[in-house]
Amino acid sequence: MTADHDTLWRHCVHLGRVVLPLMDQEPWRQDRRRQRLRSWGVDTTVGHRIIETLAALAAHAVAVDASLSAAEFGTLPLSTVAEAVTGKHDFELLAGLPDTFADDHDEIAVKVVRLYTYKGGRSSHQLLRLSTEVRHTLTVLAAREPVPSPTCADILGRAAEANLPQ
């Protein structure tokens, strides 16, 4: 994997990690999400990690499909990422990922998504539910932005303004 592809993946992971904290600036949203996760039989911590990972996977899949470099990642429309998370098959989201990950946490999260994908049944159903949660989160974040078609850069900028970790 090239250094640029590694950097692109890190940008995607960063996007995935900031979407829930940005969403949770309205505390009632976090409470509702936790209730939904519990009603689906999904552990909150696991659910949040899968949501982050699905957001990163969708951003990565779209960026790779569009042949975007890491420097161009910020131009990616958030709506395109939101559509990809439910519009692409699970295996499409997993295509083109690094063979190795710099962060063990990321590698484990991707392996969990792979397991849910290939296991089928209830796991696959939970993954679909979590994908719709990601799409909803990205759609809400996009609607909050003052610009008409917010990009990944707009969301990452909002995260920087909120002093969320890099």
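Source: prediction; values computed, not measured. (Residues numbered from 1 in each chain as written. Predicted model: local features only at pLDDT ≥ 70, side-chain atom pairs only at ≥ 80, totals over all residues. Heavy atoms only, no water.)

S.K.: Help me understand the overall build of the protein chain, please; the structure alone is not making it clear to me.
M.R.: Helix and strand counts for the protein chain come out as eight helices and zero strands. Sequence-ordered secondary structure for the protein chain, helices as α and strands as β, is α-α-α-α-α-α-α-α. Scaling as 2.2 N^0.38, a compact globule of 166 residues should have a C-alpha radius of gyration of about 15 Å, and the protein chain matches this with 15 Å. C-alpha extents for the protein chain along the principal axes are approximately 40 × 35 × 25 Å. A buried classification covers 47% of the 166 residues belonging to the protein chain. Long-range contacts, defined here as pairs at least 24 residues apart, represent 77% of the contacts in the protein chain between residues at least 6 apart. Entry remark: accessible area of the protein chain is about 8300 Å², with carbon and sulfur atoms responsible for 53%. If you average the places of the 18 positive and of the 21 negative side-chain charges in the protein chain, the two averages end up 9 Å apart. (Helix = DSSP H or I, 4+ residues; strand = E, 2+ residues; numbered from the N terminus. Rg over C-alpha atoms; globule rule 2.2 N^0.38 Å. Buried < 20%, exposed > 50% of the residue type's maximum accessible area, 1.4 Å probe, protein only. Contact = heavy atoms within 4.5 Å. Areas by Shrake-Rupley, 256 points an atom, 1.4 Å probe, with all protein chains shown as cover. Lys, Arg positive; Asp, Glu negative; His and termini not counted. Charge placed at Lys NZ, Arg CZ, Asp CG, Glu CD.)

S.K.: Explain unusual backbone geometry to me, please; I cannot follow it from the model alone.
M.R.: Negative phi is the rule for most residues except glycine; trans is the rule for most peptide bonds. Of note, Ser-67 is a non-glycine position whose phi angle comes to about 55°, a positive value. Turning to its location among the elements, Ser-67 is positioned in the loop between helix H3 (44–65) and helix H4 (78–87). Exposure remark for Ser-67: the relative accessible area of 61% places this residue in the exposed category.

S.K.: Would you mind showing me how to read the side chain of Asp-24 here?
M.R.: Of note, Asp-24 is situated in the loop between helix H1 (3–23) and helix H2 (27–39). We classify Asp-24 as buried; its relative accessible area is 18%. There is a polar contact of 2.7 Å between the side chain of Asp-24 and the side chain of Arg-33. When near neighbours in sequence (up to four residues on either side) are disregarded, Asp-24 contacts Arg-29, Gln-30 and Arg-33. (Polar contact = N/O pair within 3.5 Å; in protein donor to acceptor, adjacent residues only side chain to side chain.)

S.K.: Explain the layout of surface pockets here, please?
M.R.: It is a probe the size of a water molecule, rolled over the atoms, that shows where empty space is left. Volume-wise, the largest pocket comes out at about 170 Å³. In terms of lining residues, the largest pocket is bounded by 13 residues, among which Arg-10, Val-13, Arg-17, Asp-103 and Asp-106 are the most central. Considering each element in turn, the lining of the largest pocket owes the most residues, six residues, to H1. The class makeup of the residues in the lining of the largest pocket is five nonpolar, three polar and five charged. (1 Å grid on protein atoms, 1.4 Å probe; cavity = no way out; pocket = protein on both sides within 12 Å on 5 of 7 lines; lining within 4 Å. Points joined across faces, edges and corners; volume = space filled by probe spheres on them. Nonpolar A, V, L, I, M, F, W, Y, C, P; charged D, E, K, R; others polar.)

S.K.: Where do I start with empty space enclosed by the protein in this structure?
M.R.: For the structure shown, the criterion picks out one cavity of 30 Å³ or more. Taken as a whole, the largest cavity encloses approximately 50 Å³ of empty space. Looking at the largest cavity, the residues that line it are Trp-9, Val-13, Gly-16, Arg-17, Arg-49, Glu-52, Thr-53, Ala-56, Asp-106, Ala-109 and Val-110. Sorting the residues of the lining of the largest cavity by element identifies H1, H3 and helix H6 (104–119) as the ones contributing at least two each. Each residue belonging to the lining of the largest cavity can be placed in one class, and the counts come to five nonpolar, two polar and four charged.

S.K.: Where do I start with the pattern of salt bridges in this structure?
M.R.: Where charged atoms from two side chains of opposite charge approach closely, those side chains can pair. A full pass over the atoms with the stated rule returns 13 salt bridges. Across the pair Arg-29 and Glu-26 runs a salt bridge, and its minimum N-O distance is 2.4 Å. Exposure remark for Arg-29: the relative accessible area of 17% places this residue in the buried category. A salt bridge links Lys-111 to Glu-107; the nearest nitrogen and oxygen atoms lie 3.5 Å apart. Linking Lys-111 with Glu-107, this pair stays in helix H6, spanning four residues, or about one helical turn. Overall, the relative accessible area of 48% leaves Lys-111 in the partly exposed class. Linked through salt bridges whose partners overlap, the residues forming this network are Arg-17, Arg-49, Glu-52, Asp-103 and Asp-106. (Salt bridge = Lys/Arg side-chain N within 4 Å of Asp/Glu carboxyl O.)

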